[in-house]
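# Tertiary structure, described
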Amino acid sequence: MAKKVDDQGRGRSQAVHRALKRAILDQALSPGSKLPEDSIGERLGVSRTLVREALVRLSEEGLVDLRPNKGATVARPTLEEGRNLFLTRMALERLVVETLAGKLTKEQIDILAAHIAAEDAEKEHATSIRLAGEFHTMLAQMTNNASLIRYVNELVARSSLILALYGRPHSSDCAVSEHQELLDSLIAGKAEDASKLMAHHLDSITTRALLPREDDRNIKDVLTAYAAAEGLA
């Protein structure tokens with residue numbers, strides 16, 4: 001019985017983490033937004049302890065800033081941090097495509113092709129950023145390299161904050177076409193071409209910059225849909 005209660009607690013903790021992370025990556029919670037534990041707990045129907053656990057985990061992933069006596073806020077990286085982040089991503093993701101070139105299974109190719117089709121059909125800018133990031137994490141997952149998967153996942157998540165703050169609006173067709181070119185090169189086993197395409201793809205992202213925008217929406221209103229999606233109150 002105790003184990004069942006523990007499992008339920010872990011499940012709710014993970015659900016809170018997923019709800020908050022999704023809200024951040026969808027840009028429903030903008031960089032710099034305050035994350036009050038009481039408001040979040042009330043909206044999600046969980047204790048402040050579970051909220052705090054989720055915020056600590058998100059802090060470890062680079063998505064939340066925790067400051068003593070000041071509470072939590074969605075991380076707000078600087079442009080310089082963004083440039084350094086994409087340089088690191090470029091090195092790691094070139095390794096990803098070099099590892100996968102000519103080695104994708106038919107099932108993996110079908111999964112990636114379906115995801116690119118979903119990107120192509122998406123018209124919402126914030127969601128398109130999240131889907132674009134997921135394409136990169138899917139590639140990393142397919143390497144079966146635990147360290148590579150972990151670091152790419154963390155960098156891609158933090159990249160979404162960079163794009164939310166500084167990303168210049170652009171046609172989703174551009175990103176989708178670049179992803180399709182990457183997939184074609186991987187299928188053909190052209191490691192060098194895939195590596196160059198990945199470098200160009202990530203380099204182009206770092207050149208898009210706008211001033212950050214303010215956001216004064218109520219956090220309870222923002223989290224309503226995410227609470228429902230995770231089966232929380």
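Right above here is the structure, for reference.
For clarity, every value in this text was computed on a predicted model and none was experimentally measured.

### Examining the overall build of the protein
Per the secondary structure count, the protein includes ten helices and two strands. Secondary structure of the protein in N-to-C order comes out as α-α-α-β-β-α-α-α-α-α-α-α. Buried positions account for 46% of the 233 residues belonging to the protein. Looking at the protein as shown, the accessible area adds up to about 12,200 Å², and 52% of this sits on carbon and sulfur atoms.

### Looking at the packing of helix 4 (residues 79–100) against helix 6 (residues 125–141)
Between helix 4 and helix 6, the shortest axis-to-axis distance is 9 Å and the interhelical angle comes to 55°. It follows from the interaxial angle that helix 4 and helix 6 lie oblique. Crossing of helix 4 over helix 6 shows left-handed handedness. Taking contact as the criterion, the partners of R89, E93, V96 and L100 in helix 4 are, on helix 6, H136, L139 and A140. Grouping the constituent residues of the contact of helix 4 with helix 6 by class yields four nonpolar, one polar and two charged.

### A look at helix 4
An α-helical turn contains 3.6 residues, so a residue and the one three or four places further along point in the same direction. For helix 4, which comprises 22 residues, the first-to-last C-alpha distance of 31 Å matches the rise-based estimate of 32 Å (1.5 Å per residue) to within 8%. At the C-terminal side of helix 4, G102 shows a positive phi close to 75°.

### Here we look at the pattern of salt bridges
If the charged atoms of two oppositely charged side chains come close together, the side chains can form a pair. In this structure the tally under the stated criterion is twelve salt bridges. With its nearest N and O atoms 3.6 Å apart, the salt bridge here joins K21 to E61. In this pair, K21 sits in helix 1 (residues 2–25) while E61 sits in the loop between helix 3 (48–60) and strand 1 (64–67), placing the two residues 40 residues apart along the sequence.

### Things to note about the pairing of strand 2 (residues 71–74)
Here strand 1 pairs with strand 2 via four bridges, running antiparallel. Note on strand 2: the bridge partner recorded for V64 is V74. The loop that links strand 1 with its antiparallel partner strand 2 comprises three residues; one of these, N69, has a positive phi angle of about 65°.

Calculation notes
Residues numbered from 1 in each chain as written. Predicted model: local features only at pLDDT ≥ 70, side-chain atom pairs only at ≥ 80, totals over all residues. Heavy atoms only, no water. Helix = DSSP H or I, 4+ residues; strand = E, 2+ residues; numbered from the N terminus. Buried < 20%, exposed > 50% of the residue type's maximum accessible area, 1.4 Å probe, protein only. Areas by Shrake-Rupley, 256 points an atom, 1.4 Å probe, with all protein chains shown as cover. Axes fitted to C-alpha atoms, helices over the stretch in contact; angles between N-to-C directions. Parallel < 35°, antiparallel > 145°, perpendicular 65-115°, else oblique. Left-handed = near helix turned anticlockwise from the far one by under 90°. Contact = heavy atoms within 4.5 Å. Nonpolar A, V, L, I, M, F, W, Y, C, P; charged D, E, K, R; others polar. Expected span 1.5 Å × (residues − 1). Salt bridge = Lys/Arg side-chain N within 4 Å of Asp/Glu carboxyl O. Pairing = 2+ DSSP bridges.

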